Amino acid sequence: MLLFALHNKNMRNGDQEEHHSKNSIHIFYAYAHEDEALRKALETHLSALKHQGLITDWFDRNITAGEQWITQTQTHLQVADIILLLISPSFFASEYCSSFEMKQAIQRHEEQYARVIPIILRPVDWKHTILSHLQALPENAKPITQWRNRDHAFLSVATSIRKIIEDIQKKPAFPSLSSSSSFAGEKTQQYASFRSFSPFFMQQHVAELVEGEAFQQKKVSSEIGKKATDTYKIILLGASGAGKTTLLSSMYNALAVQRPNTSFFLETTPDQRKKLNAMYYGIVSGQWPPGTQVSETEEWHFTCRVRSPGKRIYSPFHCSYLDYAGGRITERMEDMAVADNFEQQFAQSHALLGLLDGQKLLALMQKKQEADHFIYIELQNMLQIMQNGGKLAHFFITKWDLLQAKYSLQDIRDRLLQIDEFNHFVRNQSNSYCVRLIPVSAVGAGFAELQGDGSIRKVSGSYPKPFHIDLPLCCIWSDLFHAGSQSLWAYSEQERGLGAIHDKKTAQRAVIQSCLQSMHTLEEAFPVSRFL
């Protein structure tokens, strides 16, 4: 099963949160573990700021057992007000630090979401890197290890950080807008507030996208340390063999390089990029990804990127997939703690996407006995989970290439609606929002054939031609944003198009426009994809 997580989480854990001011500045440490001792010394010198409630901080040692470290790291990086890059030879030697964390930090700095401060721990040739234009600490960018008295070096850093915090706090925050406010013509202060979109018809926080040159994520919860971000969590529900991992690798391959008909592309960490490309190469070679074991999990992280005509790149959205065994929704788990944690993921999600295995739907249409397991075990568990989630919900038919020559989407839809539980679910959900049935294929028609023993094998000499592979992202982004904020569309005709991209808001518009066009194309080709 894949959990598409665009995070909106508590940024700090622990009882000490109760003592922090809700206006405290969130600091993120990016460092190599070889420099842990120097990081601890810096944290000690910043402790006065923490005790005064001026800052909260986070570094990867705060991750508790069982948590996903990449998810936690990316989440805190995306909501930090100040990002401290602890520079040393080990920092640049770390691919994760230098290629991912540093790149994300600079991007947030340029978009004025955060202040990035290089702190030179040990001598290294940093002035010929992308950090060269930033003001480094301590004084004169002299490496801390070269100071005769390191306490003086850390004092210099702490004093400068205090001044930066005071400067940030002097910046006026843009006032909250009531639900009746007009978004048109509003002007922003520097560091205007950027609230998370309400994904479900303004049930929580109404989206506040405001005009201006700069945006900053504003704390919107009275709970200490909880920040709103432009991220969401979407869960893909599918039983074992539904093609979740294959779908993921195919989607990344299709969207990693921007296509002429899209306004965005996906980016991931260097290590995960290599894994996904290798996985897709295996598919091209006719080797399907192995099934995920019940005890295994792996997270995949992506950033949606938009390039402006001036070559500047913006990041409207961040997301991650948690890949784990589909058997978790159909089989009993002996470890109840793991089972409970799994169920909690549904409550934290914003949308649930049900994956209907095309191979099993083929058995259903042909009235084969093995379809009973699909109806009474897989589909039942899926519907019950989706119903309890109370979230936005769509269904995706995977392996559409196995069905399209024999059955139309209308045929599949009619058969599914003959299943009472599916019919009741769709009718109940449609009272609140649109429910869709969307055909997708990770490899497209003609690439593989179903064998008599139930296996699927590549057709010799064929190459993948994925079908509707962008729709798992497009349907969610278009639905959530269109439902959450009509202000997103309140701009003049002159502003439309890629030429209008000049900040994060216009980058989001470009992505949503592209997604809406994909959804329009879907509904033209498959009018019955939308349940009434």
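A brief structural summary. The structure displayed is predicted, hence computed values, not measured ones. (Residues numbered from 1 in each chain as written. Predicted model: local features only at pLDDT ≥ 70, side-chain atom pairs only at ≥ 80, totals over all residues. Heavy atoms only, no water.)

## Regarding the packing of aromatic side chains
To keep things clear, this is the line we draw: Any two rings among Phe, Tyr and Trp, with Trp reduced to its six-membered ring, count as a pair given centres within 6.5 Å; such a pair is stacked if its planes are under 30 degrees apart, edge-to-face if over 60, and tilted if neither. Secondary structure counts use DSSP, requiring at least four H or I residues in a row for a helix and at least two E residues in a row for a strand, with both numbered from the N terminus.
Throughout the structure, instances matching the rule amount to nine aromatic pairs. Ring plane angle 75° and centroid distance 6.3 Å describe the contact between Phe467 and Phe526, whose orientation is recorded as edge-to-face. Residue Phe467 is located in the loop between strand S16 (456–458) and helix H14 (471–484), and its partner Phe526 is located in the loop between helix H15 (504–525) and strand S17 (530–531); the two are separated by 59 residues in the primary sequence. In textbook terms, an aromatic cluster arises when at least three aromatic residues are bridged by ring pairs, as seen for Phe395, Phe422, Phe425 and Phe531.

## Observations concerning the side chain of Ser514
This is how it is decided: For this analysis, residues touch if any pair of their heavy atoms sits within 4.5 Å.
In this structure, Ser514 sits in helix H15. Residue contacts for Ser514: discarding those within four places in its chain leaves Asn261, Thr262, Ser263 and Phe264.

## With respect to the nonpolar core
Basically, it comes down to this: Buried residues of nine kinds, namely Ala, Val, Leu, Ile, Met, Phe, Trp, Tyr and Cys, make up a nonpolar core once their side-chain atoms join them within 4.5 Å. Whether a residue is buried, partly exposed or exposed follows from its accessible area with a 1.4 Å probe, protein chains only, as a fraction of its type maximum: under 20%, in between, or over 50%, in that order.
Ranked by size, the top nonpolar core spans 83 residues in total, and within it Leu356, Leu361, Phe395, Ile412, Leu416, Phe422 and Trp477 carry the most contacts. The element contributing the most residues to this core is helix H11 (residues 371–389), with eight residues. Among all residues touching Phe422, those that are not within four sequence positions of it are Leu379, Leu383, Phe395, Leu416, Leu417 and Phe531. Membership of the second largest hydrophobic core comes to 27 residues, among which are Ile25, Ile27, Leu46 and Ile55.

## Some details on the packing of helix H1 (residues 36–45) against helix H6 (residues 150–170)
This is how it is decided: Throughout, an axis means a line fitted to C-alpha atoms (over the contacting stretch in the case of helices), and angles, computed between N-to-C directions, take values from 0 to 180 degrees. Roughly parallel here means an angle under 35 degrees, roughly antiparallel means over 145, roughly perpendicular means 65 to 115, and every remaining angle is called oblique. Take the far helix as the reference: if the near one is turned anticlockwise from it by less than a right angle, the crossing is left-handed, and if turned clockwise, right-handed. When residues are grouped by polarity, Ala, Val, Leu, Ile, Met, Phe, Trp, Tyr, Cys and Pro land in nonpolar, Asp, Glu, Lys and Arg in charged, and all others, Gly among them, in polar.
Here H1 crosses H6 at 60°, and the two axes come no closer than 9 Å. In terms of their interaxial angle, H1 and H6 are classed as oblique. Considering how the two elements wind past one another, H1 and H6 form a crossing that is right-handed. Across the interface between the two elements, Leu38, Ala41, Leu42 and His45 of H1 pack against Arg150, Asp151, Phe154, Leu155, Val157 and Ala158 of H6. Among the residues forming the contact of H1 with H6, the class breakdown is seven nonpolar, one polar and two charged.

## Here we look at H15
Residues lying three or four places apart along an α-helix face the same way, a consequence of the helix completing one turn every 3.6 residues. This is how it is decided: For a helix, the expected span equals 1.5 Å multiplied by the residue count minus one. Any pair of nitrogen or oxygen atoms within 3.5 Å is treated as a polar contact; in protein, a donor-acceptor pairing is required on top of that, and neighbouring residues in sequence qualify only through side-chain atoms on both sides.
The terminal C-alpha atoms of H15, which comprises 22 residues, lie 32 Å apart, in line with the 32 Å expected from a rise of 1.5 Å per residue. Where H15 begins, one side-chain oxygen reaches toward the backbone nitrogen of Lys505, 3.2 Å away; that side chain belongs to Asp503.

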